[in-house]
Structures are given as C-alpha cells and as structure tokens.
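Below are the chains, spelled out letter by letter.
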Amino acid sequence: MNICVKGGCRIFQKVMKYGMYVMPWRTPEIIEGEDALVRLAQKLKEEDYHCVLVVTDKGLAQIGLHLELTDVLEMYEVSYALYEDTIPNPTIANIEEALALYKEAQCEAIVAIGGGSAMDCAKVVGARAVKPRQPVQKMKGILKIHKKTPPLYAIPTTAGTGSETTLAAVITDEKTRHKYPINDFPLIPDYAVLNPELTRKLPRMITATTGMDVLTHAVEAYIGNSNTKKTIEQAKCAVRLVFDYLYRAYENGDDMEARGFMQEASFQAGAAFTRAYVGNVHAMAHALGGAYRVPHGLANAVILPYVLDYYGNVVYKKLAELSEVAGIALEENTEEENAKLFIAAVRGLNRKMNIPEKIGGIRQKDIPVLAVWASQEANPLYPVPVIFGRKDFRALYRQIMEEEQ
C-alpha cells in the first residue's frame, strides 16, 4: 500500500476518533446475578409486549440451554416466538427467516441468547424490522442504519464476543462467502443479562477460544490509535482478568468465580473495542469465517500472536505495558523483551488449552481473495498500529495456514 493511501487512512481514522466524541454512545443496562433471567422476565412482563422474538443458535438448542430462558418466560406469561436456526457466522438467510417470524408473530422486542452469532443475528433482525426496504448488503460498513431498532435484550452464554455491549454485528453473505461487519449505534443492546451459570456447560474448547476472543478484543483495542482513558482501563481490566481466570475456567467448568470474571472480561473488552475498534486480526478472522466457516474465536486465537509479531517494534511499548498488566513482565527486561514475553504468553496460553498453531483448510488459491476481503474491512476504518496492504495479509495467511495435502 503506497504512502498516499496510508495517509488517507490515517486522516479518516483521526476524523472518526474525534467525531466519536459527539456520537450517541450509550452502555447497555446490566441485569446480573443468579436471578438475572427472572428479573429479565419480570422486566418483559412490565413492558407488556405483545410478543418477543427469542433468537438462539442450533448448538444451544440441541443441548436445551435456551430452555432456561423460555421456561422462565412461560412462568411469567411472556409471549414469545422462537428462532433457533442461527448458525455460526450467521447468514443473511438466518436474518430473513428470523425477520419473517418476527413479523408473523407481531413481535415488539427481541431477546438474543447464545454467543456472538445469536446476538449478531438478532441485532440485524431489529435493523431490518425498522428498515424493511434496506437489504442487509446495504447495511455493510458504518452508520448505515441510523434509526431506532426494537428493544434488544442480550444474554451471552459464552464469555467471548462482547456482542452484548457493542454496536457491531458481523454477517456472512452465503452466496459470496464474504463476511463483513455492520456498525451503528442503534445495534447496541438495551440490556445485557449476565449470569455465569449459563456458561457452565460450555465445552472446554469453546471456553478456550471464546476466551481468547476476549483477549484479542482487549489487545487490539489497547494497541490501536483511537483509545480514550476509559477504553484503556477497560482493555487493561480485560487482559488482567483473562490471564488470571481463563485457564481456570478451561480446567474446571464448574469454577463459577472464574466464569464470572471471564464474563466481566468479555463485557469490558467489548466496551473497549466498540469505541476503540479492533484491528487486522479481526479483519483476517472474519474473512476466514466467511470463506471456510472457521469459528471466530479460534481464528482470532491462532492469528493474534502472528500479527503481533508482524507489527514489530511499533507495538513493543504497549505490549510491554500489557505484560505488566498480565503479571508476566520482568523488571530487568527491556521494553522489547517484555513485549516478546507477552506474545510468547499468548502462544503459551493457546498451547495449554490445545488451540492449534495453524488453521487447516486454507487453500493457497484463495489467499488473494482473503487478502482483499481483510484489506477492505480493515482500511480505512481500523486505527491499527501498522496499516497492512494486501501483500501483508497474503504473507500472514501463508504463515497461519497448514500445508496443503
């Protein structure tokens, strides 16, 4: 990427950074604790909605975790319609199916229960409900909705995506296999319902990869160029909690203290990146999710240390600071040594949780297209430490791919 293009990206990012101070930021109201679902049902009952749309995903429906919500809704006589066919990396078809159900049942609010896929699907259903003439493809990018959406109640069952607090939804066009974000303030949920008990049954690998998703959100927000004092503290908080509690939650799924703190880490990291943005790791991961349906947390976990290495000395100062936050810095080390210690600790955490070092299934012939998609997402929006061109993305995809058989 030439200097003029990079300069244009930086100008755009600076305008966005200062423009954000006058944007309609808000934080979801939090309902938390062991009785969170009961208090949610009471709240829905008080609002006297004709019907609410419950959006969940296939995996959650198969293990019946959504029943913990629907049983309580029935107990409090809250009428609901259930959409349970959301897939990982939710598609436009998912949104249109759920929207049809929303209209048929004359719903007035949406409750999302699950991981990021369910919440992202629910967010865009709300956007389509108030903008019926605007197809999902036309919502791609930033500030394309600008209209109040139906009330959204987000119930995370993973400690990972932070979608319960963000203005972002990530959707896959199943026809082109292109995965892209939609960003606008109306997508921020009205309520975030946090109950660590809902994460108790998570398989260990999902605990691991969604937890590394949290870390990626926090790190990319922290090392980017659009931080505020608040996002810096939120990112640091999330990094500290991940290093203190993720492996505990992975080792013992019944450790509710660890799961509770990981849920807090997810919320803090989500709040940080919704204001300070993510970066090149996410751009690469989204392309992989669209092309091959690689789970988002897994993609981020694998890619993160490669991108941090690739940035080089530009990020040493901030990574050295994060090494102190994580409690792994050595006083006698140089800034560079502590930065590299942090990257090594990320790799070590992946290794301890059996997350692979490479991603299988990437085809050499697809890398140019993946690089285009990643570059289109990252530039000019993401205020990354180093702006990557397509050549950089191609090089990194080759680093993370397993050898083709």
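Before reading on, note that the structure itself is shown above.
Values in this document were obtained by computation on a predicted structure and should not be read as measured data.

About the criteria used
Residues numbered from 1 in each chain as written. Predicted model: local features only at pLDDT ≥ 70, side-chain atom pairs only at ≥ 80, totals over all residues. Heavy atoms only, no water. Helix = DSSP H or I, 4+ residues; strand = E, 2+ residues; numbered from the N terminus. Rg over C-alpha atoms; globule rule 2.2 N^0.38 Å. Buried < 20%, exposed > 50% of the residue type's maximum accessible area, 1.4 Å probe, protein only. Pairing = 2+ DSSP bridges. Axes fitted to C-alpha atoms, helices over the stretch in contact; angles between N-to-C directions. 1 Å grid on protein atoms, 1.4 Å probe; cavity = no way out; pocket = protein on both sides within 12 Å on 5 of 7 lines; lining within 4 Å. Points joined across faces, edges and corners; volume = space filled by probe spheres on them. Nonpolar A, V, L, I, M, F, W, Y, C, P; charged D, E, K, R; others polar. Contact = heavy atoms within 4.5 Å. Polar contact = N/O pair within 3.5 Å; in protein donor to acceptor, adjacent residues only side chain to side chain. Disulfide = S-S within 2.5 Å. Patch = residues over 30% accessible without salt bridge, like charges linked within 9 Å, V, L, I, M, F, W, Y side chains within 5 Å. Areas by Shrake-Rupley, 256 points an atom, 1.4 Å probe, with all protein chains shown as cover. Salt bridge = Lys/Arg side-chain N within 4 Å of Asp/Glu carboxyl O. Lys, Arg positive; Asp, Glu negative; His and termini not counted. Charge placed at Lys NZ, Arg CZ, Asp CG, Glu CD. Parallel < 35°, antiparallel > 145°, perpendicular 65-115°, else oblique. Left-handed = near helix turned anticlockwise from the far one by under 90°.

### Here we look at the overall build of the protein chain
Tallying secondary structure elements over the protein chain gives 15 helices and nine strands in all. Over its C-alpha trace the protein chain gives a radius of gyration of 20 Å, about what one expects of a compact globule, namely 22 Å for 405 residues. Counting only C-alpha atoms, the protein chain reaches 60 × 50 × 45 Å along its principal axes. For the protein chain, with 405 residues in total, the buried portion stands at 60%.

### Quick notes on the sheet that holds strand β6 (residues 152-156)
Strand order in this open sheet of six strands is β1-β9-β6-β4-β2-β3, and the pairing throughout is parallel. Both outer strands of the open sheet, β1 (29-32) and β3 (80-86), are each paired with one neighbouring strand and no more. If you compare each strand with its neighbour and ignore which way they point, the axes differ by 20° on average. Bridging between strand β4 (residues 109-114) and β6 involves five bridges; their strand directions are parallel. The residue bridging Ile 113 from the neighbouring strand is Ile 155, located in β6.

### Re the layout of surface pockets
For the second largest pocket, the calculated volume is near 270 Å³. Elements with a minimum of two residues in the lining of the second largest pocket: α8 (229-251) and α9 (256-276). With four residues, α9 is the largest single contributor of residues to the lining of the second largest pocket. Looking at side-chain class alone, the lining of the second largest pocket contains four nonpolar, six polar and three charged residues.

### Here we look at the environment of Thr 161
Of note, Thr 161 is situated in the loop between β6 and β7 (168-173). Residue Thr 161 is classed as buried on the basis of its relative accessible area of 18%. Separated by 55 residues in sequence, Thr 161 and Thr 216 have C-alpha atoms that sit 9.9 Å apart. Beyond its immediate sequence surroundings of up to four residues, Thr 161 is in contact with Gly 116, Met 119, Asp 213, His 217, Ser 266 and Phe 273. Within the local environment of Thr 161, its side chain forms a polar contact with the backbone nitrogen of Ser 163, the two atoms lying 3.1 Å apart.

### Quick notes on the state of the cysteines
This model, assessed by the stated rule, comprises zero disulfides. Cys 51 supplies the cysteine sulfur nearest to Cys 107, a cysteine that is in no disulfide, at a spacing of 3.8 Å. Owing to a relative accessible area of 8%, Cys 107 belongs among the buried residues under this scheme.

### Here's the deal with a negative patch on the surface
A cluster of acidic residues, Glu 84, Asp 85, Glu 97 and Glu 174, forms a negative patch at the surface. Within the secondary structure layout, Glu 84 lies in strand β3. Residue class for Glu 84 comes out partly exposed when judged on its relative accessible area of 32%.

### Observations regarding the packing of helix α10 (residues 280-292) against helix α15 (residues 390-400)
Running from amino to carboxyl end, α10 crosses α15 at an angle of 65°, the nearest separation of the two axes being 12 Å. Classified by the interaxial angle, the pair formed by α10 and α15 is roughly perpendicular. Every pair of crossing elements has a handedness; the one defined by α10 and α15 is right-handed. Residue-level contacts link Asn 280, Ala 283, Met 284, Ala 287 and Leu 288 of α10 to Phe 393, Leu 396, Tyr 397 and Ile 400 of α15. By residue class, the composition of the contact of α10 with α15 is eight nonpolar, one polar and no charged.

### Comments concerning a nonpolar patch on the surface
The grouping of Tyr 18, Tyr 21 and Val 22 at the surface amounts to a nonpolar patch, some 390 Å² of accessible area in total. Of note, Tyr 21 is situated in the loop between α1 (3-19) and β1.

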